[in-house]
Amino acid sequence: MEISTRGLWTLIHGMGFGALYLLACSGAIVELWRHYGPTEGARVTTRNETFLRVYLIAMTLLAWLAVFTGAYVIYPWYRATAPPGTPHLAGYPQALLQSSASTSAWHSIGMEWKEHVAWLAPISITMATAVFVRYGRSIQAQRELRNAVLWFVVVSFLAAGIAGSLGAMIDKNAPVEGGAIIHFVQGGS
Amino acid sequence: MSEPASGPSNGSGSAAVLAAGIGAFFLAVLAIVADKVVPIKRLMVFYKPTGPLSGVTTSAIFIWLVAWAILDARWRGRSVAAARVNTAAFVLLGLSLLLTFPPLADLF
């Protein structure tokens, strides 16, 4: 049982940051919808308010970690140029996808969309967090701000979902692999 | 669009909302321009291994934060027409979602 260094980074990016962010997003949407609606004012305690502040800050960190590891750690491996005449393109995922008509759209549509739409997630959640940290439970009295926070979190969820789904499918067709091998468990013969 | 707040001010929050829409929109616009205009594409390579994506995202983040700082400085402590601000921000955010989709971006 082993994994390459690049495979491990892909796992950290996709599962550690991306998937956890998606899970957290669904929780934030439920929390905002249930506890910060116009008729829920009396139910929100200081503890609940503090909890959501910390939760949103953690989500913001996750979102930025996901896009920065994606763009600056994994993407350079994905887009690395294969030397001319390279027969095996396994170490060059973009070239591998573009080498076949049946997979090229995973790059031209999939990766081209993913690499940009993903950034809408941290921008949106940073705004939602900043507004909630600033206003706290008083946001219940600010209908428009409350709506903006909720819908930007929804769009953040959508953007992260698009990026995550495309990333998973791209990695199935052309995995980012290479680097040192990390051995976890030695299998039996 | 703004006046001094008599109740709790929504100015700072609205500044954050509109700035996020502006940042998202510029991200999509810069991505399209960097894809279509070769000199801009070269200009957007801030970090060679990542290519133009590094410049597109860094520039969009810069525009977003500058827009946020300016709007916050103008609207802090004031009440603004938050419904209009939200509409503008949602339109910009929706456009950015659409314009990052390559088949639509390729129409330009």
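Details of the structure are given in the entry above.
Let me sum up the structure you'll find in this document. (Residues numbered from 1 in each chain as written. Chains lettered and ligands numbered in written order. Predicted model: local features only at pLDDT ≥ 70, side-chain atom pairs only at ≥ 80, totals over all residues.)

## Brief notes about the overall build of chain B
Alright, step 1. On a plain count of helices and strands, chain B comes out with five helices and two strands.
Alright, step 2. Ordered by position in the sequence, the α and β elements of chain B form the string β-α-α-α-β-α-α.
Alright, step 3. Taking the principal axes of its C-alpha atoms as reference, chain B extends roughly 50 × 25 × 15 Å.
Alright, step 4. Expressed as a percentage of the 108 residues in chain B, the buried residues total 41%.
Alright, step 5. Partitioning the intrachain contacts of chain B with sequence separation of at least 6 by distance along the chain shows that 80% fall at a separation of at least 24. (Helix = DSSP H or I, 4+ residues; strand = E, 2+ residues; numbered from the N terminus. Buried ≥ 20, exposed ≤ 12 C-beta atoms within 10 Å, placed from the backbone. Contact = placed C-beta atoms within 7 Å.)

## Observations regarding the environment of A:R137
Alright, step 1. With respect to the helices, strands and loops of the structure, A:R137 is situated in the loop between α5 (120-135) and α6 (143-173).
Alright, step 2. Sequence-distant contacts of A:R137, that is, excluding residues within four places in its chain, are made with A:V44 and A:E49.

## Examining the interface of chain A and chain B
Alright, step 1. Every contact between the two is made by 31 residues of chain A and, on the other side, 32 residues of chain B.
Alright, step 2. Residue assignment for the side of chain A that touches chain B shows that the elements contributing at least two residues are α2 (46-79), α4 (104-117), α5 and α6 of chain A.
Alright, step 3. The leading source of residues in the side of chain A that touches chain B is α5(A), at eight residues.
Alright, step 4. Here the side of chain A that touches chain B is built from residues that sort into 20 nonpolar, six polar and five charged. (Nonpolar A, V, L, I, M, F, W, Y, C, P; charged D, E, K, R; others polar.)

## Quick word on the nonpolar core
Alright, step 1. Counting residues in each nonpolar core, the largest one holds 83 residues, and the members touching the most others are A:V149 and B:A20.
Alright, step 2. When residues in this core are grouped by element, the largest group, 16 residues, is from helix α1 (residues 11-36) of chain B.
Alright, step 3. Not counting residues within four places of it along the chain, the set of residues in contact with B:A20 comprises A:I123, A:S124, A:M127, A:F152, B:W64 and B:A89. (Core = buried A, V, L, I, M, F, W, Y, C linked by C-beta atoms within 7 Å.)

## Some remarks on α5(A)
Residues and elements named next belong to chain A.
Alright, step 1. Between its first and last C-alpha, α5 extends 23 Å over 16 residues, near the 22 Å set by a 1.5 Å rise per residue.
Alright, step 2. Most of α5 sits inside the fold, with 14 of its 16 residues counted as buried.
Alright, step 3. Of the residues trailing α5, G136 is marked for its positive phi of about 55°. (Expected span 1.5 Å × (residues − 1).)

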